[in-house]
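Structure at a glance
Below are the chains, spelled out letter by letter.
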Amino acid sequence: MDPLSTRYLPLAEARLRDAADPLFSYRSEFFIPQHAGVDCVYLTGNSLGLQPKAASAALQAELDDWQRLGVEGHFAAKNPWMPYHERMTSSLARLTGAQPSEVVAMGSLTANLHFLMASFYRPTASRYKILTEAKAFPSDRYALASQLRWHGFNPDTDLVEIAPNGPGGTHRPEDFEAALDEHGSEIALMLVGGVNYFTGQVFPMERLTAYAQESGVLVGWDLAHAAGNVPLELHAWKVDFAAWCSYKYLNSSPGGVAGIFVHERHHGAETLRLAGWWGQDKTRRFLMEPDFHPIPSAESWQLSNAPVLSMAVHRASLDLFDRADAEHPGGRRAKSLALSAALMGLLDRTAETTGATLEVFTPRADHERGSQVSVRFPGRGKSFFDALTERGVVADWREPDCIRMAPVPLYNSFEDLSRLESILLELLTP
Ligand SMILES: *Cc1c(COP(=O)(O)O)cnc(C)c1O
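Conventions we followed
Residues numbered from 1 in each chain as written. Predicted model: local features only at pLDDT ≥ 70, side-chain atom pairs only at ≥ 80, totals over all residues. Heavy atoms only, no water. Buried < 20%, exposed > 50% of the residue type's maximum accessible area, 1.4 Å probe, protein only. Helix = DSSP H or I, 4+ residues; strand = E, 2+ residues; numbered from the N terminus. Pairing = 2+ DSSP bridges. Arc of directions from axis to C-beta. Salt bridge = Lys/Arg side-chain N within 4 Å of Asp/Glu carboxyl O. Polar contact = N/O pair within 3.5 Å; in protein donor to acceptor, adjacent residues only side chain to side chain. Contact = heavy atoms within 4.5 Å. Domains from an automatic or database assignment. Buried area = accessible area lost by both parts, 1.4 Å probe. Nonpolar A, V, L, I, M, F, W, Y, C, P; charged D, E, K, R; others polar. Near = heavy atom within 4 Å. Areas by Shrake-Rupley, 256 points an atom, 1.4 Å probe, with all protein chains shown as cover.

Description of the pairing of strand E15 (residues 402-405)
Of the two faces of E15, the one carrying Cys402 and Arg404 and the one carrying Ile403 and Met405 are both buried. Pairing between strand E12 (residues 373-376) and E15: four bridges, direction antiparallel. Residue pairing across strands places Ser374 opposite Arg404, the latter belonging to E15. Where strand E14 (residues 396-398) meets E15, three bridges bridge the pair, whose relative direction is antiparallel.

This is the structure in structure tokens:
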């Protein structure tokens, strides 16, 4: 059989699908990295989102105001720097399903997790364990283990890690529930990645939040791979807190400013916070008083004044999300599912026509996945991945045999996937 005659996504068909895609024009709002004079097949928006073309003007505007105004820019800049973080709030609230008072752009992800745990991991002699997923993103595991040690506990016994016993190394929600049934009264905090960084699995956040809270457990979600990727309703789900980075699906620049969510029921002064002046009641901040009066919102978790340059770029990207979502409600999610379904379809077809062994281990059901598709190519090793890279495919390699690919709705196209299919057929046809 000639593999090329049975392609899943021929170029002509891919171009028709792009022509019918209401979000296709957004691709031209981004810089697409080049390879040998043509667009790369960029599939790592889950790791570092691409640069919006509007980013440099947004950044330059703040540099110009700094040049022109010096310190006066805090009040006199076109977008005054003093309340600059407020420019992100409504977009972040919309993207995470939060009340505006529940979110703030600040800091960086792992540091924010520690600040949030200072408030929401308050172990007692009888309730001190932390529940998480095994094979969590390493930074999260380091953070959780160090929190346990910081409070005098032992990660070997006090970090309850749920093994990935589902198909293809995914996690079964019922295993979290069983652990809560067994250890619930000893668990102080459950902190899990809302979308697993490795498998791309979307956890049933609402269900697990409710289940854990019934046992008196506080619940936080790491949304690094969820923010800007999958629908979130953090307020309605009654999540206690959450944190995310914004340089992945939210395209805010390498190491760009992150964000947090704290449910409004925790905004009172009785919640203990590690405090800094940017969390101080805005009407009193410059009174330079000794006592801390927290802003009754997530903003009170801010410690330092805002990184304006990073936030300028974040805002430029959020503008694209706001515009796309206003023009085409639900369109990003629909296209994300269509692209990832096409990616899984072409992988299946490639295996069928070439006889190559490969295994998609991201869950197939729509509600259990976002943009990312994770696939194993057993026995092929890194040289196979390098051959993809040499042909202009930018994907992500995890030893020993896993490739993660995330076609994202604002800048990836069906043509990208058709070109990927050609390259896979070239490399895998015996
Ligand atoms: C990307 C990612 C991080 C990265 O942490 P930083 O503090 O932004 O460097 C942490 N946790 C998870 C789950 C991630 O996916």
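A few points about helix H12 (residues 381-390)
Of all the residues in H12, the buried ones are Phe384, Phe385, Ala387 and Leu388. Within H12, the buried residues cover an arc of 155° as seen down the axis, which keeps them to one side. Turned more than 90 degrees away from the buried face of H12, the exposed residues are Ser383 and Glu390. At the C-terminal side of H12, Gly392 shows a positive phi close to 90°.

Re the pattern of salt bridges
According to the stated counting rule, one finds 29 salt bridges in the structure shown. Here Arg376 and Glu359 are joined by a salt bridge, their closest N and O atoms 3.2 Å apart. Of this pair, Arg376 sits in strand E12 while Glu359 sits in strand E11 (residues 359-360), and the two are 17 residues apart along the sequence. Residue class for Glu359 comes out partly exposed when judged on its relative accessible area of 34%. Salt bridges sharing partners connect three or more residues here, namely Arg94, Arg315, Asp319, Asp322, Asp325 and Arg332.

A few points about the side chain of Gln280
Relative to the helices and strands, Gln280 is located in the loop between strand E10 (259-262) and helix H10 (308-327). For Gln280, a relative accessible area of 6% translates into the label buried. Among the polar contacts made by the side chain of Gln280, one reaches the main-chain carbonyl oxygen of Asp291 at a distance of 3.1 Å. Among residues more than four places away in sequence, those in contact with Gln280 are Arg285, Glu289, Asp291, Phe292, His293, Pro294 and Ile295.

Regarding the environment of Asn305
Tracing the backbone shows Asn305 in the loop between E10 and H10. Placed 93 residues apart in sequence, Asn305 and Arg398 show a C-alpha to C-alpha distance of 37 Å. Residues contacting Asn305, with those up to four places away along its chain left out, are Trp277 and Trp278.

Some thoughts on the domain arrangement of the chain
For the chain, the assigned domains are domain 1 (3-51 + 330-428) and domain 2 (59-323). One C-alpha centre belongs to domain 1, the other to domain 2, and the line joining them spans 30 Å. At the interface, 31 residues of domain 1 touch 25 residues of domain 2. Carbon and sulfur atoms make up 54% of the surface buried where domain 1 meets domain 2, a total of about 2,200 Å² over both sides. Taken as a group, Tyr26, Arg332 and Phe361 account for 21% of the area that domain 1 buries against domain 2, more than any other trio of residues on that side. Connecting domain 1 to domain 2 are one salt bridge. Among the ionic pairs, Arg323 bridges to Glu29, the shortest N-O distance being 3.3 Å. Viewed at the interface, domain 2 and domain 1 are joined by 12 residue pairs in polar contact (both at pLDDT 80 or more). Listing elements by their share of the side of domain 1 that touches domain 2, those giving two or more residues are helix H11 (331-354), E12 and E15. Sort the elements by how many residues they give to the side of domain 1 that touches domain 2 and H11 lands first, with three residues. Residues belonging to the side of domain 1 that touches domain 2 are distributed by class as follows: 11 nonpolar, 11 polar and nine charged.

Some details on the pairing of E12
Judged from the two bridges that link them, E11 and E12 form a sheet pairing that is antiparallel. For Glu359, the partnering residue across the bridge sits in E12 and is Arg376.

Re the site of the ligand
Near the ligand the following residues occur: Leu109, Thr110, Phe137, Asp140, Asp222, Ala224, His225, Tyr247 and Lys248. At 2.6 Å from an oxygen atom of the ligand is found a side-chain nitrogen or oxygen belonging to Thr110. Surface burial for the ligand is 81%, taken as the share of its 390 Å² of free accessible area covered by protein chains. By residue class, the composition of the shell around the ligand is four nonpolar, two polar and three charged.

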